[in-house]
Amino acid sequence: MIDHIYSERSRRVNALQTSWYLSPPWGQTIPPVAVNLLERVFLRTTRTFGYCCGMQWKHECWVYSIDCGKEILHATQNQIIGTGELEAIKVQKPAFVLGERVILCSHDKGTKQRLILGIALVHDSWFYLVELMSPTLIKTPTISNRFSLVGEKSLVRVNA
């Protein structure tokens, strides 16, 4: 009897986590991005040009990573102006797109399905932002980041 109760509780927790990981933080429809990956942009705040080397959903909006040569700056869509020109960099297209459902291969606990919440170009390789763990209801003294950039080899596409 105890095994059955524990098994049922475990199944419910797993179902809740699956629902959490597959519920997009932006709601039903993914908001459009202001610029494309590798697009040349003008940063209003620094009055410099760079190119978009990544984006992630954070604080209820897209936050863009802009490579300005010597540093990478982060900006919202109101702080950048897209030029429509792509940076001439020889890299493969990203394997996954924003909002795509994937399986996290290296994660060994609970559900493995996740959503792509961001994409970043790091040293000529694409990395993808996924949520590693759901939020906890209990405050803990240690701060842990629930999100992580993972490489393409750690993810598998889920066929819808």
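Residues numbered from 1 in each chain as written. Predicted model: local features only at pLDDT ≥ 70, side-chain atom pairs only at ≥ 80, totals over all residues. Heavy atoms only, no water.

Examining the overall build of the protein
At step 1: Counting secondary structure elements, the protein contains 1 helix and 11 strands.
At step 2: Looking at the protein as a whole, 32% of its 160 residues qualify as buried.
At step 3: Put simply, of all contacts in the protein between residues at least 6 apart along the chain, 53% involve residues at least 24 apart.
At step 4: When the accessible surface of the protein is totalled, it reaches about 11,100 Å², and 55% of it is carbon and sulfur. (Helix = DSSP H or I, 4+ residues; strand = E, 2+ residues; numbered from the N terminus. Buried < 20%, exposed > 50% of the residue type's maximum accessible area, 1.4 Å probe, protein only. Contact = heavy atoms within 4.5 Å. Areas by Shrake-Rupley, 256 points an atom, 1.4 Å probe, with all protein chains shown as cover.)

Examining the environment of T76
At step 1: With respect to the helices and strands, T76 occurs in the loop between β4 (72–75) and β5 (80–86).
At step 2: Since its relative accessible area comes to 26%, T76 is described here as partly exposed.
At step 3: Residues T76 and S65, 11 residues apart in the sequence, show an inter-C-alpha distance of 9.1 Å.
At step 4: Not counting residues up to four positions away in its chain, the partners in contact with T76 are C61, W62 and Y64.

Some words on the pairing of β4
At step 1: Covered by surrounding structure in β4 are L73 and A75 only, the residues I72 and H74 on the alternate face being uncovered.
At step 2: Counted along the chain from strand β3 (residues 61–67) to the antiparallel partner β4, the turn is 4 residues long, and its residue G69 has a positive phi close to 100°. (Pairing = 2+ DSSP bridges.)

Looking at the pattern of salt bridges
At step 1: Applying the stated criterion to the full structure yields 1 salt bridge.
At step 2: For the salt bridge of E100 with R157, the shortest nitrogen-to-oxygen distance reads 2.5 Å. Here E100, found in the loop between β5 and β6 (101–104), pairs with R157, found in strand β11 (residues 155–157); they are 57 residues apart in sequence, far enough to count as distant. (Salt bridge = Lys/Arg side-chain N within 4 Å of Asp/Glu carboxyl O.)

Section: the packing of aromatic side chains
At step 1: This model, assessed by the stated rule, comprises 3 aromatic pairs.
At step 2: Centroid distance F96 to Y128: 5.1 Å. Interplanar angle 85°. Geometry classified as edge-to-face. Of this pair, F96 sits in the loop between β5 and β6 while Y128 sits in strand β9 (residues 125–131); the two residues are 32 residues apart in sequence, bridging distant segments of the chain. Take F96 and Y128: they sit in the same class, and that class is buried. (Phe/Tyr/Trp six-rings, centres within 6.5 Å; stacked < 30°, edge-to-face > 60°.)

Focus on the nonpolar core
At step 1: Y64, I80, I116, W126 and L155 are the most contacted members of the largest nonpolar core, which has 33 residues in total.
At step 2: Put simply, the parts of the chain that give this core at least two residues each are β1 (39–43), β2 (48–58), β3, β4, β6, β8 (118–122) and β9.
At step 3: No other element matches the 5 residues that β2 contributes to this core.
At step 4: With sequence-adjacent residues up to four places away left out, Y64 is seen in contact with V33, A34, V35, C52, G54, M55, L73, H74, A75, T76, Q77 and I80. (Core = buried A, V, L, I, M, F, W, Y, C linked by side-chain atoms within 4.5 Å.)

Overview of the confidence of the model for the protein
At step 1: Here the protein averages 84 in pLDDT, and 75% of its residues register 70 or above.
At step 2: Between the elements of the protein, mean pLDDT differs from a low of 63, seen in helix α1 (residues 2–21), to a high of 97, seen in β1. (pLDDT = per-residue confidence, 0-100.)

Quick notes on the side chain of D67
At step 1: With respect to the element layout, D67 can be found in strand β3.
At step 2: Among the polar contacts made by the side chain of D67, one reaches the main-chain amide nitrogen of G69 at a distance of 2.8 Å.
At step 3: Among all residues touching D67, those that are not within four sequence positions of it are G50, Y51, C53 and I72. (Polar contact = N/O pair within 3.5 Å; in protein donor to acceptor, adjacent residues only side chain to side chain.)

As for unusual backbone geometry
Most peptide bonds are trans, and most residues other than glycine sit at a negative phi.
At step 1: Of note in the backbone geometry, R47 takes a positive phi value of approximately 55° without being a glycine.
At step 2: Relative to the helices and strands, R47 is located in the loop between β1 and β2.
At step 3: One non-glycine residue with positive phi stands out, namely H123, at about 50°.
At step 4: Looking at the element boundaries, H123 is found in the loop between β8 and β9.
At step 5: Overall, the relative accessible area of 75% leaves H123 in the exposed class.

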